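Residues per chain are reported as follows:
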Amino acid sequence: MISGFVFRALEGRIVAAVGILLGIGILVPALNLLTPPDSAIHIPTYAMALFGKYLCYALLALALDLVWGYCGILSLGHGAFFALGGYAMGMYLMRQIGPRGVYGNPILPDFMVFLNYKELPWFWHGFDWFIFAMAMVIVVPGLLAFIFGWFAFRSRVNGVYLSIITQAMTYALLLAFFRNDMGFGGNNGLTDFKDILGFSVQADGTRAVLFFMSALMLSLCLILASAIVRSKFGKVLVGVRDAESRVRFLGFRVENIKLFTFVVSAMMAGIAGALFVPQVGIINPGEFAPANSIEVVVWTAVGGRGTLIGPIIGAILVNGGKSFFTGAFPEIWLFALGGLFIAVTLFLPKGIVGTIQHGLKARHALKAAADAEKGRGDATTVAQAQAAE
Amino acid sequence: MTSKVAFRVLQSLGLLLCLIFSLAAPSFAQQTDPKPLIDALSKADFGEAEKLIGQLAATGDARLVPALNAFSEGDLYFRKSDNLVFIGKAAGSNYELTDPVTGASAGQTAKNAVTKIKINNSLRRVIRSAMGGLTLLSPDRGVRLQAADAVLRSPSAENLELLETAISKETDGEVKARMVEARAVSLLSSDRSIDEKRTAIQTIKNYGGRNAIGILMGASAGLDPSLKGDVDAAIASIESGQRLWDIGQNVWYGVSLGSVLLLAAIGLAITFGVMGIINMAHGEMVMLGAYSTFVVQQLIRDHAPGLFDWSLAIALPVAFLVTGAVGLVVERGVIRFLYGRPLETLLATWGVSLILQQTIRSIFGPTNQEVGNPSWMSGSFPVGGMTITWNRMWIIAFSLSIFVALLVVMKKSSFGLNMRAVTQNRRMASSMGIKTPWVDAFTFALGSGIAGIAGVALSQIDNVSPNLGQSYIIDSFMVVVFGGVGNLWGTLVGALSLGVLNKFLEPSVGAVLGKILVLVLIILFIQKRPRGLFALKGRAVEA
Amino acid sequence: MTFKSKSGKSKLGGALLAAVMSATALQGAFAADDTIKIGVLHSLSGTMAISETTLKDVMLMLVAEQNKKGGVLGKKLEAVVVDPASDWPLFAEKARQLISQDKVAAVFGCWTSSSRKSVLPVFEELNSILFYPVQYEGEESSRNIFYTGAAPNQQAIPAVDYLAKKEGVKRWVLAGTDYVYPQTTNKILKAYLMSKGVAESDIMVNYTPFGHSDWQTIVSDIKKFGSAGKKTAVVSTINGDANVPFYKELGNQGIKAEDIPVVAFSVGEEELAGLDTKPLVGHLAAWNYFQSVDADVNAEFIKEWHAFTKNDKRVTNDPMEAAYIGFNAWVKAVEAAGTTNTDAVLDSIIGVSVPNLSGGTSTVMPNHHITKPVLIGEIQADGQFDIVQETAPVVGDEWSDYLPDSKNLISDWRKPMSCGNFNVASGKCGGKGS
């Protein structure tokens, strides 16, 4: 049964995408580590770190797409799950610093020392174990999503109301994490990491592994998401998106379906955050900012919501553009970014991938229609074209 | 000690003399020439200057008032060539100098030929008290009132006799009351009898208010131990009276915060609430309104400074038209293609907001711009034990009148009728001959225009910078959603209740936690009423 | 490079020779580098653009001025400007880009502590140099960062001393935005005040969220706290943007500087430019520089600034001076070292003295902080400050003496110590050294 679940997921396009992702995941670190710096095919560490960051964003966008594109829940608070995962990882990394902090305190992180903490707050315990911290990376966002979704979906909060309260959630968390008294380092956040599992986070080898892990996790989550949307459950999911009341009348427990998807999506976002932190070297409350969560929505929309590949492409394209424009045209990059959003919504309402698919489908349909006219058409071509959607 | 007593005697003598002469024949009021004392300021440090001011005050010479006034305003200069002190007023690249005592003109001089005499807070305090003493007997009622205030704020036993003289002469009720209060306060630090002081404590108690507590607490240390009971009783009595006022004050703060939220949200109540557009560019419309105010004020400053107090009135239509026009362009250019796809309007308007922000940043620069408060929006007035600031009061009045005006437009005008028809049933409205595209465009323009005039008001209390809009957008959405999308009354009640809630949480848990709690409460509230406070009833709900 | 000698030679042959040489130099330029690149890492968009854009302009002006003087080591300077968009992880990314892709010799940038904390590991890993021009909470000393803004002892403590001595303040409100700089500064100030015998009940600490705009309750609380009969002052570590509504509320509720003065550490000329300062006359600020400083070098700087921005209303402020000092110190260190190599510059820059804008000189100390005088200014009706006190130059103290865990730490980046957190009690490098 499980093999069937996975097997269904491995539809052609997903296989190709996973292949490309894993290829990149191996090739980029290999080119970074194995070629000399002056070689033409050498990939500098800078570029690898940058691309690793994009992969984390891509995973976040994928997570959002699962709830937005397939379940119709527009979450404007996915940044919160991402940040919580990041904080869990950050706490582990902080604890690994040990006595190498500037004050040399073996237990307390630096910011606690100069803010006069006497002992480690209770919620910091256990984060020195990698396994525990990794569990927290998915448990904490999952739990928050569960509690939030439990209430929200049961009360049938939906549409714009849901979007706005997810925004309220991330905004409240932003304010809370800003507070120094929360014990998460206030606005400076957690930074100056040294080791992960005994390897220096700054070493090229560690970076290469982190990069590969990002590509791997993205691939796994892609397969998982594909499995979900292609299962029977996935069909119901789309039903919820398109006609919630109807699905409810058919006897499905819509709130449970939504809750499950929302929690899975939040866990994926948490993993993305956890991989993001060691690669950029900092996690702070800025990640909770409502604007960040809106940006995730934008990546997903640009790439194409309701397609699994789209958000990945969208995240990489928009962030790549942002990196390029903030360097090349610092004064005008916001015009370019703003213009892009408008252009995509106006001219590519299905996003890049959605539009391409639509185009392909239209061509198939056209061809099928032409064939039918010639009297040679059969139902299979049309059905194939539809299946390609 | 003796010198101090002698000084005091001399001073009261001087004052008395001054009083007699100034009342009888002002031209004879020439005792010690104050000019050398003023000129000595040119070389004095802060400490010496304080002494000099004391001596100047002791002359009781009312002609010194303009000089002291100029000193506290930082307009007193000395000429480098001869160390003589003048009052200077900037006149182009020069200074217009006048004699500090006689007020006679001393011609113009280049800016670098004179040096400003430095002043700091403690000097200003000394001057204030000195001026109070010098002007208590002024023929002008306003000046006397100011003087009584000044003496009240920096009480000193030295002014006591003068106050008593002034009180006996005073005819105006308000000024007299202020003087009596000032006398009571001054008396506490004097060497009068304990009984007199006890009466003074009662007098102060009867005036009440925060200041009275401060005065009593400050004075209590220096008072005779036998008076301690009286002081404590008076403080307790004032505080118990103040408690109720404090609650009133808190409600006022809440209403005032609510009115700001209402202002910020009311335009959104139309574009988002009525039209269903998730308008992320709403905050930028508010910002454009604030910048329109800035530009209007700038033009007025340059061309018609006399009109400055009218600047906000002029800015209102300008801001409405500018932001309305921008709204119209945005609707025609972007949003009209997106009807029926509300979540996508979020993306497009987010893009619009980035572009508008960066445009303003490119034109005006990223820094804050100064928007002045007209005089009628500055300062405060007391209501019982509460302090009401003018700007907050006008903003409350303003936001309520916008609300009413909008309600009238929606409910009574034919445009409002069309608007409601289109939002309720677009196709039906269209078949009835309503030009729906134009109704859409003008509804959006109206919502944007109202955001713009909200910006005019917000420019009075907040930063005018390209980030202005960003700081209001989330709060605005919360208000509209909390109140119930599509219902103007919901927005009103939502804004006011969130404001008051916030202000009652703030004192007990602090501003940061208070804000977090409000957000959590909104989230919980939406669980309870998933369509907000005032949900629209009927079939529209399922749309 | 021989550009310098060119002007000295008047003969045609000399000019020709120079032309030929410059042509060859130019040819080489494309292969090697005839310019020295420096990075400018300030947010040009987002919430911090309001403060940081000015510093970017200052850096461009300083680079242009230096190039007019012939550049550095005979090479022209080239500023590489990037926009980290007020996004802290983006700061780290851009720093990495500047160092490893653009190969800049040094970076000038950051404003918030978060951004500095974000880039610090990058600078240490890639061994480059950052000049950080903003006042901050201290408690940091990196081998690769120079802190040219004020440490708490160069701003906060002298300001409090001034109020206690000159204004006779006995009761203190420590009001700040809830983030690390105000929290740390207030902790230091509280410890300092209590060591001076101020009772805990005479200190009120209040925090507000970022961008707080409704100050009614807090201002009235301050008023209440101030009506206890003792002279009261407010020490404000309120963050830039929230100051405008705060001061507006102060003015409207009638809190005059003569009654309850407010001394601010984040309010300078730039922040006041958005305000009508008439109701604020007499409120104070503590910085190491004010535009109103009476010094020839300052007049010259202001003139250049007005010419560069083509706007004679643009004000100058303290972080601009810090950027100026940092830039000039770097130029001097590079010329002393004869190279832009990081290790060589790190060695040569310690002890370098450059003129500051208040008429004296600032020296780069072994703890990577600099010496600066502390100025206390009162706000004037024209938006400028009137300096009421100026101290002798103070050395920035990275590890505060008023925090229990940092009082034993010192930083000295000279060899052989080369340590940012040397514990004088245990005699070891590395904090507690336990």
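Note that this is a predicted model, so its numbers are computed, not measured.

(A) Geometry of the overall build of chain B. Secondary structure summary: chain B contains 21 helices and 7 strands in total. Relative to the globule expectation of 24 Å for 543 residues, the C-alpha radius of gyration of chain B, 31 Å, shows a markedly less compact shape. In terms of overall dimensions, chain B has C-alpha extents of about 95 × 60 × 40 Å along its principal axes. Summarising the internal contacts of chain B: among those between residues at least 6 apart in sequence, 68% fall at separations of at least 24. Counting every atom, chain B has about 22900 Å² of accessible surface; 64% of that belongs to carbon and sulfur. Seen as two clouds, the 48 positive and the 39 negative side-chain charges of chain B have centres 11 Å apart.

(B) Quick look at the environment of C:Gly74. Locating C:Gly74 in the fold gives a position in the loop between α3 (49-68) and β2 (76-82). Spatially, the C-alpha atoms of C:Gly74 and C:Thr35 are 8.9 Å apart, while their sequence positions differ by 39 residues.

(C) Region of the structure containing the packing of aromatic side chains. According to the stated counting rule, one finds 50 aromatic pairs over all chains in the structure shown. For the pair A:Tyr57 and A:Trp299, a centre-to-centre distance of 4.8 Å together with 45 degrees between the ring planes defines the contact as tilted. With A:Tyr57 in helix α3 (residues 45-71) and A:Trp299 in helix α12 (residues 290-303), this pair connects stretches of sequence that are 242 residues apart. Residue A:Tyr57 shares its accessibility class with A:Trp299, and that shared class is buried. With 5.4 Å between their ring centres and 80 degrees between their planes, A:Phe127 and A:Phe132 make a pair best called edge-to-face. Overall, the relative accessible area of 6% leaves A:Phe127 in the buried class. Counting every residue linked through ring pairs, the aromatic cluster contains A:Tyr87, A:Trp122, A:Phe123, A:Phe177, A:Phe184 and A:Phe288. We note A:Arg154 situated over the ring of A:Trp150; from NZ or CZ to the ring centre the distance is 4.1 Å. For the cation-ring pair, C:Arg171 lies above C:Phe225, with the distance from its terminal atom to the ring centre recorded as 3.8 Å.

(D) Inspection of the sheet that holds strand β1 (residues 35-41) of chain C at higher detail. Residue and element names in this part refer to chain C. Within the open sheet, the 5 strands sit side by side as β2-β1-β3-β4-β5. Their pairing is parallel. Strands with a single pairing partner mark the edges of an open sheet, and in this sheet they are β2 and β5 (145-147). Neighbour to neighbour, the strand axes of the sheet diverge by 25 degrees on average, direction disregarded.

(E) Structural view of the interface of chain A and chain C. If you look at the interface, chain A gives 40 residues, while chain C gives 46 residues. Here chain A packs against chain C, burying approximately 3600 Å² in sum over the two surfaces, 53% of which is carbon and sulfur. When the buried surface of chain A facing chain C is broken down by residue, A:Tyr46, A:Tyr103 and A:Phe114 rank first, second and third, together holding 19% of it. Connecting chain A to chain C are 2 salt bridges. A salt bridge links C:Glu93 to A:Lys53, with the nearest nitrogen and oxygen atoms 2.1 Å apart. Counting every contact that joins chain A to chain C gives 17 residue pairs in polar contact (both at pLDDT 80 or more). Of all the secondary-structure elements, those providing two or more residues to the side of chain A that touches chain C are α3, α5 (110-114), α7 (159-178), α11 (254-280), α13 (309-328) and α14 (333-347) of chain A. Along the lines of polarity and charge, the residues of the side of chain A that touches chain C split into 17 nonpolar, 15 polar and 8 charged.

(F) Region of the structure containing the confidence of the model for chain B. All names here are of chain B. Mean pLDDT over chain B: 84, with 93% of residues reaching 70 or higher. In the model of chain B, helix α1 (residues 2-24) stands out as the element of lowest mean pLDDT, 50, in contrast to helix α13 (residues 311-333), which has the highest, 95. Here residues 17-30 is a poorly scored stretch, pLDDT under 50, and it has 13 contacts once near neighbours within four places are set aside; other chains count. In this model residues 539-543 is a low-confidence stretch, pLDDT under 50, and it forms 3 contacts with partners more than four residues away in sequence or in other chains.

(G) Representation of the interface of chain C and chain B within the structure. Contacts between the two partners involve 56 residues from chain C, matched on the other side by 52 residues from chain B. Broken down residue by residue, the surface that chain C buries against chain B is led by C:Gln216, C:Asn252 and C:Glu258, which jointly contribute 16%. Where chain C packs against chain B, one counts 10 salt bridges. Across the contact surface, chain C and chain B share 20 residue pairs in polar contact (both at pLDDT 80 or more). Taken together, the elements giving at least two residues each to the side of chain C that touches chain B come down to α3, α6 (156-166), β7 (203-208), α8 (216-226), α9 (240-252) and β15 (385-390) of chain C. No other element matches the 7 residues that α9(C) contributes to the side of chain C that touches chain B. Class assignment for the residues of the side of chain C that touches chain B results in 20 nonpolar, 19 polar and 17 charged.

(H) Quick look at α3(C). Residue and element names in this part refer to chain C. For α3, which comprises 20 residues, the first-to-last C-alpha distance of 28 Å matches the rise-based estimate of 28 Å (1.5 Å per residue) to within 8%. For α3, a buried count of 17 out of 20 residues is recorded, marking the element as mostly surrounded by other parts of the structure. Of the residues flanking the end of α3, it is Gly-70, one or two places downstream, whose phi is positive at about 105 degrees.

(I) Summary view of the pairing of strand β17 (residues 409-412) of chain C. Residues and elements named next belong to chain C. Relative to strand β18 (residues 419-423), β17 is paired through 3 bridges, and the arrangement is antiparallel. Pairing of Asp-412 across the sheet is with Cys-419, part of β18. Hairpin connection, β17 to β18: the antiparallel pair is bridged by 6 residues, and Ser-418 has positive phi, about 40 degrees.

(J) Geometry of the sheet that holds β15(C). All names here are of chain C. Reading across from one edge, β7-β6-β8-β9-β10-β14-β15 is the order of the 7 strands in this open sheet, with mixed pairing throughout. The open sheet has two free edges, formed respectively by β7 and β15, since each of these has just one partner strand. Taken pair by pair, the neighbouring strands of this sheet meet at an average axis angle of 25 degrees, ignoring direction. Where strand β14 (residues 375-379) meets β15, 5 bridges bridge the pair, whose relative direction is antiparallel.

(K) Just α13(A), in detail. Taking 1.5 Å per residue as the helical rise, α13(A) with its 20 residues ought to reach 28 Å, and the 28 Å between its terminal C-alpha atoms agrees with that figure. Buried residues of α13(A): A:Ile309, A:Gly310, A:Pro311, A:Ile312, A:Gly314, A:Ala315, A:Val318, A:Asn319, A:Lys322, A:Ser323 and A:Thr326, and no others.

(L) Examining unusual backbone geometry more closely. The peptide bond linking C:Lys415 to C:Pro416 adopts the cis configuration, its omega dihedral lying at 5 degrees. Position of C:Pro416 among the secondary structure elements: in the loop between β17 and β18. Of note in this structure, A:Asp192 is not a glycine but carries a positive phi near 60 degrees. Examined against the element boundaries, A:Asp192 turns out to sit in the loop between β1 (190-191) and β2 (195-196). Residues other than glycine seldom take positive phi values, yet C:Asn127 does so here, at roughly 50 degrees. Here C:Asn127 is to be found in the loop between α5 (113-126) and β4 (130-132). Judged by relative accessible area, C:Asn127 falls into the partly exposed class, the value being 24%.

Calculation criteria
Residue positions are given per chain, counted from 1 along the sequence in the order it is written. The naming scheme follows written order: chains are lettered A onward, ligands numbered 1 onward. Per-residue local features are limited, in this predicted model, to residues with pLDDT of at least 70; the limit for side-chain atom pairs, both in listing and counting, is 80 or more; totals at the level of whole chains, interfaces and linings are taken over all residues. Values reported for side chains reflect all heavy atoms of the structure, with hydrogen atoms and water molecules removed beforehand. Numbered from the N terminus, helices here are DSSP runs of H or I no shorter than four residues, and strands are runs of E no shorter than two. When we talk radius of gyration, it's over C-alpha atoms, and the globule rule is simply 2.2 Å times the number of residues to the 0.38. Working rule for contacts: check all heavy atoms of both residues, and any pair within 4.5 Å makes them a contact. To measure how exposed things are, a 1.4 Å probe is used in the Shrake-Rupley method; for residues, cover is taken only from the protein chains shown. In summary, the charge assignment counts Lys and Arg as positive and Asp and Glu as negative, without counting His or the chain termini. Just so you know, the charge point we use is NZ for Lys, CZ for Arg, CG for Asp and CD for Glu. Any two rings among Phe, Tyr and Trp, with Trp reduced to its six-membered ring, count as a pair given centres within 6.5 Å; such a pair is stacked if its planes are under 30 degrees apart, edge-to-face if over 60, and tilted if neither. Categorising residues by exposure relies on relative accessible area from a 1.4 Å probe, with only protein chains included: less than 20% of the type maximum marks a residue as buried, more than 50% marks it as exposed, and the intermediate range marks it as partly exposed. Geometrically, a charge over a ring is one whose NZ (Lys) or CZ (Arg) sits within 6 Å of the ring centre while staying within 35 degrees of the ring normal. What makes two strands pair is DSSP finding at least two bridges between them. Fitting a line to C-alpha atoms yields each axis, with helices limited to the stretch in contact; the angle taken between N-to-C directions then spans 0 to 180 degrees. Buried area: the accessible area, evaluated with a 1.4 Å probe, that two parts lose upon being put together, summed over both parts. Each reported salt bridge corresponds to a side-chain nitrogen of Lys or Arg within 4 Å of a carboxyl oxygen of Asp or Glu. N or O atoms closer than or at 3.5 Å make up a polar contact, with two conditions inside protein: a donor-capable atom paired with an acceptor-capable one, and, for residues adjacent in sequence, both atoms drawn from side chains. Under this grouping Gly is polar, as are all residues other than the nonpolar Ala, Val, Leu, Ile, Met, Phe, Trp, Tyr, Cys and Pro and the charged Asp, Glu, Lys and Arg. Each residue carries a pLDDT score, the predictor's own confidence in it, on a scale running from 0 to 100. Helix span, as expected, comes to 1.5 Å for every residue beyond the first.

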